[in-house]
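Each chain, letter by letter, is given below.
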Amino acid sequence: AEAVREETRHQHPAPWSQCCRIRADDGGIEELATEKEAEESHRQDSVNLLTFILLLTLTILTIWLFKHRRVRFLHETGLAMIYGLLVGVILRYGIPSTSYHNKTPPSCTLQERPVSTVLLNVSGKLFEYTLKGEINLREIHSVEQNDMLRKLTFDPEVFFNILLPPIIFHAGYSLKKRHFFRNLGSIITYAFLGTAISCFVIGNLMYGVVKMMQVLGQLTDKFYYTDCLFFGAVISATDPVTVLAIFNELHADGDLYALLFGESVMNDAVAIVLSSSIMAYQPAGANTHTFDASAFFKSVGIFLGIFSGSFAMGAVTGVVTLHCFPLLETALFFLMSWSTFLLAEACGFTGVVAVLFCGITQAHYTYNNLSEESTKRTKQLFEVLHFLAENFIFSYMGLALFTFQKHVFSPIFIFGAFIAIFIGRALNIYPLSFLINLGRRHKIRGNFQHMMMFAGLRGAMAFALAIRDTATYARQMMFTTTLLIVFFTVWVCGGGTTPMLSWLHIRVGVDPDQDLQPCGDRQSKTKQESAWLFRLWYTFDHNYLKPILTHSGPPLTSTLPACCGPLARCLTSPQAYENHEPLQDNDSDLILNEGDLTLTYGDTWGVNGKRSDSTSEDALERELDTREHELLSRGTRLVFPMEDHA
């Protein structure tokens, strides 16, 4: 009987053993499916990255052709946007759906608010799902219509933490000092006061547009006054990269170039801090979108605190250097510049402001402590990173018009935004120019003002600020509108730069760093027009900061009182006493090159070790008037010091 029961057990296995075998088979099938899905995802990621690399390659080849043919009606950034648009159309409408996910997502109901992470129990196994954003009920079946489109939409933090720092750093690192410091007061006025005026003018005008949309029934969700002010701050960030490139090629007026370039550099920093302050605006009470005086002044304090803290952090980290092997110097230089941005963001400040002033500080101090090989490496490295990052962002702009799946197109809002930015720019440039001219000996002429009005392009910064938050209906509408404004200004305003220069009779074809006056008149003019704030700072920098932070003189023993002799000898680098041949720089007119340093420090600390009677005021005049012969190309100034045969 036992033998019969054993034989029966083998012939008819127990139900539990069959279940185990089925579960094992199901587990194996699930593992194979997971591996296949991972392999498919990896392949698709490679295709996506290859798409962007091919876009950049095609843009570079076309740029070469345009430069060879001397085509100026379309800049490389506009060209990158066109290629991005074409690829976006192909990906959106020319490639069928390739989704391999289950299109019937599980549903659950939460009564309070959405959560960032959900743990889903499937047959005893826990799976983690992360929040991607809100979707409409009518779009629930097309959420994963095409995985390529979904993956081509980058995380906004990629722009802020990876692509934006090289662009902003290069702006500060390649700053051209002579005309910039001559117009420093005007640049600060346009950047700070002008950006604030533009922000509030655009914000209030757009609030009127939103109210009109409510009356006409064109608004399907909430749109608050603070949202309008935030849009005003975002769209006030100018980026006249196309205009400045054409100015370089045509050798346009140096003062006009400095005003536009300086305003755009400082304007980006002000716009991002202003947008952060508006987001921090929190009135007391139930309604958080009404005006509250205490909350307003708190936002102003936040603005000042963030800007000053970011400035201090960038300036401090910018002076860190290591004088050793060229490769290690370059590596530390690169890491310190990038870590400045991330450190500021981690501390609650603004990385854009920090990395901008880090670039200015490194160019003014740290650059002079590097070896000759490291100076060439750092300039070329950041120039290439800036070029690739900028064109990548503009290519992505064209692509995002078709691949971004949360666009909100509102013709009334878009048309109102174009009118608002025109009025905001006009109320920024013309009234402030009138006030600035009251205190300037060298007036900003009317044709310069018209050109600055025309050159208020929007670009990478406005796009990066808009795409950073697209979670709500209002932010999605802002992003779509910002994208269209960038397209229009880059193509129309950028393409019309050359005809506008001719129509406004702005001088071109001359070296902007060569004044037509004789040497004596040129020195007198420079002395009169140099910003008084910069002149005060230069005296302090020339006598105290340069000896401490660089290896070139004058030593502190010659500038500090005799009672501070021990401290002066402690803080002065030994190379400052031995280095009678100052550090050279033949690549940028921001850094003091050989001619600048010889004129500046050679008459202050003579070869015989005695201090001469020349003052820092005289050194400033000679430094700002050093003549250079420049070969200008797009984004690059190759400087060849001219010998004085007098």
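Reading the values: the criteria
Residues numbered from 1 in each chain as written. Predicted model: local features only at pLDDT ≥ 70, side-chain atom pairs only at ≥ 80, totals over all residues. Heavy atoms only, no water. UniProt positions renumbered as here; feature names shortened; annotations may be inferred. Helix = DSSP H or I, 4+ residues; strand = E, 2+ residues; numbered from the N terminus. Buried < 20%, exposed > 50% of the residue type's maximum accessible area, 1.4 Å probe, protein only. Areas by Shrake-Rupley, 256 points an atom, 1.4 Å probe, with all protein chains shown as cover. Phe/Tyr/Trp six-rings, centres within 6.5 Å; stacked < 30°, edge-to-face > 60°. Lys NZ or Arg CZ within 6 Å of the ring centre and 35° of its normal. Axes fitted to C-alpha atoms, helices over the stretch in contact; angles between N-to-C directions. Parallel < 35°, antiparallel > 145°, perpendicular 65-115°, else oblique. Left-handed = near helix turned anticlockwise from the far one by under 90°. Contact = heavy atoms within 4.5 Å. Pairing = 2+ DSSP bridges. 1 Å grid on protein atoms, 1.4 Å probe; cavity = no way out; pocket = protein on both sides within 12 Å on 5 of 7 lines; lining within 4 Å. Points joined across faces, edges and corners; volume = space filled by probe spheres on them. Polar contact = N/O pair within 3.5 Å; in protein donor to acceptor, adjacent residues only side chain to side chain. Patch = residues over 30% accessible without salt bridge, like charges linked within 9 Å, V, L, I, M, F, W, Y side chains within 5 Å. Salt bridge = Lys/Arg side-chain N within 4 Å of Asp/Glu carboxyl O. pLDDT = per-residue confidence, 0-100. Expected span 1.5 Å × (residues − 1).

Going by the annotation in an unreviewed UniProt entry, the name recorded for the protein is Sodium/hydrogen exchanger, with Cyprinus carpio given as the source organism. As its UniProt record puts it under Sequence similarities (unreviewed entry), the protein is described as follows: "Belongs to the monovalent cation:proton antiporter 1 (CPA1) transporter (TC 2.A.36) family."

## Structural notes on the overall build of the protein
The helix and strand inventory of the protein stands at 25 helices and 4 strands. Here the protein, with 646 residues, has 49% of them falling under the buried criterion. Here the protein displays about 32,000 Å² of accessible surface, and carbon together with sulfur accounts for 64% of that area.

## Here we look at the packing of aromatic side chains
Tallying each qualifying case throughout the model produces 24 aromatic pairs. Ring centres 4.8 Å apart and planes at 35 degrees place the aromatic pair F52 and F392 in the tilted group. Linking F52 in helix α2 (residues 15–69) with F392 in helix α14 (residues 372–403), this pair joins segments that are 340 residues apart in sequence. Seen from their ring centres, F404 and F479 are 4.7 Å apart, and the 55 degrees between their planes marks the pair as tilted. Of this pair, F404 sits in the loop between α14 and α15 (411–437) while F479 sits in helix α18 (residues 473–495), placing them 75 residues apart in sequence. As far as the burial class goes, F404 and F479 line up, both buried. Among the aromatic residues, those joined into a ring-pair cluster are F169, Y173, F333, F334, W338, Y367 and F382. Over the aromatic face of F448 sits the side chain of R445, whose NZ or CZ is 4.3 Å from the ring centroid. In this arrangement the basic side chain of R468 is found over the ring face of F160, its NZ or CZ atom lying 3.8 Å from the centre.

## Details of the packing of helix α5 (residues 156–173) against helix α17 (residues 460–467)
At a closest axis distance of 10 Å, the pairing of α5 and α17 adopts a crossing angle of 160 degrees. Comparing their axes, α17 and α5 come out roughly antiparallel. Pair α5 / α17 crosses with left-handed handedness. Contacts from P156, F159, F160, L164 and I168 of α5 reach α17 at M461, F463, A464, L465 and I467.

## Considering the pairing of strand β1 (residues 117–122)
Pairing of β1 with strand β2 (residues 125–130) involves 6 bridges; the strand directions are antiparallel. Within β2, the position partnered with N121 by the bridge is L126. Between β1 and β2, which pair antiparallel and follow one another directly, the connecting turn spans 2 residues, one of which, S123, has a positive phi of 55 degrees.

## Notes on empty space enclosed by the protein
Enumeration according to the criterion identifies 8 cavities of 30 Å³ or more in this entry. Reported here for the largest cavity is a volume of approximately 420 Å³. Together, 26 residues line the largest cavity, and A171, V241, L244, F261 and H386 are the ones closest to its centre.

## Quick word on the side chain of E329
For E329, the position within the fold is in helix α12 (residues 326–346). Engagement of the side chain of E329 in a polar contact is seen with the side chain of S371, the distance being 2.9 Å. In this structure the side chain of E329 is engaged in a polar contact, spanning 2.6 Å, whose partner is the side chain of S374.

## Observations regarding the side chain of S395
Relative to the helices and strands, S395 resides in helix α14. Residues within four places of S395 in sequence aside, it is in contact with L55, L56, T59, A80 and G84.

## Considering the packing of helix α11 (residues 293–317) against helix α13 (residues 351–364)
The geometry of α11 relative to α13 is characterised by a closest axis approach of 7 Å and an angle of 35 degrees between their N-to-C directions. Remark: the crossing between α11 and α13 carries right-handed chirality. Counted together, F307, S310, F311, G314, A315 and T317 of α11 and V353, A354, F357, C358, T361 and Q362 of α13 form the full contact between these two elements.

## A closer look at the environment of E383
Its place among the elements puts E383 in helix α14. For E383, a relative accessible area of 23% puts it in the partly exposed group. It is 9.6 Å that separates the C-alpha atoms of E383 and Y173, two residues lying 210 residues apart in sequence.

## Re a nonpolar patch on the surface
Taken together, F200, F296, F297, V300 and L304 make up a surface patch of nonpolar side chains, about 460 Å² in accessible area. A total of 4 residues in the nonpolar patch trace back to one element, the largest contributor, which is α11. With respect to the element layout, V300 can be found in helix α11. A relative accessible area of 34% means that V300 is categorised as partly exposed.

## Looking at the environment of E76
Along the chain, E76 falls in helix α3 (residues 76–94). Sequence separation between E76 and E390 is 314 residues; the distance between their C-alpha atoms is 9.9 Å.

## A look at unusual backbone geometry
Despite not being glycine, H505 has its phi angle at roughly 60 degrees, a positive value. Tracing the sequence through the fold places H505 in the loop between α19 (497–503) and α20 (519–529).

## What to know about the confidence of the model for the protein
Put simply, the protein has an average pLDDT of 75, and 69% of its residues get 70 or more. Considering each helix and strand of the protein separately, the mean pLDDT is smallest for helix α24 (residues 594–601), with a value of 32, and largest for α15, with 95. Predicted confidence for residues 580–617 stays below pLDDT 50, and this span has 91 contacts to residues more than four positions away or in other chains. Overall, residues 623–646 carries pLDDT values under 50, and its contacts beyond four positions in sequence, including any with other chains, amount to 73 contacts.

## Examining α13
Over its 14 residues, α13 extends 20 Å from the first C-alpha to the last, a length consistent with the 20 Å expected when each residue adds 1.5 Å. Counting buried residues in α13 gives 13 out of 14 residues, a clear majority hidden from the surface.

## What to know about the environment of L556
Summarising the element assignment, L556 is placed in the loop between α21 (532–549) and α22 (565–571). Residues L556 and K546, 10 residues apart in the sequence, show an inter-C-alpha distance of 9.3 Å.

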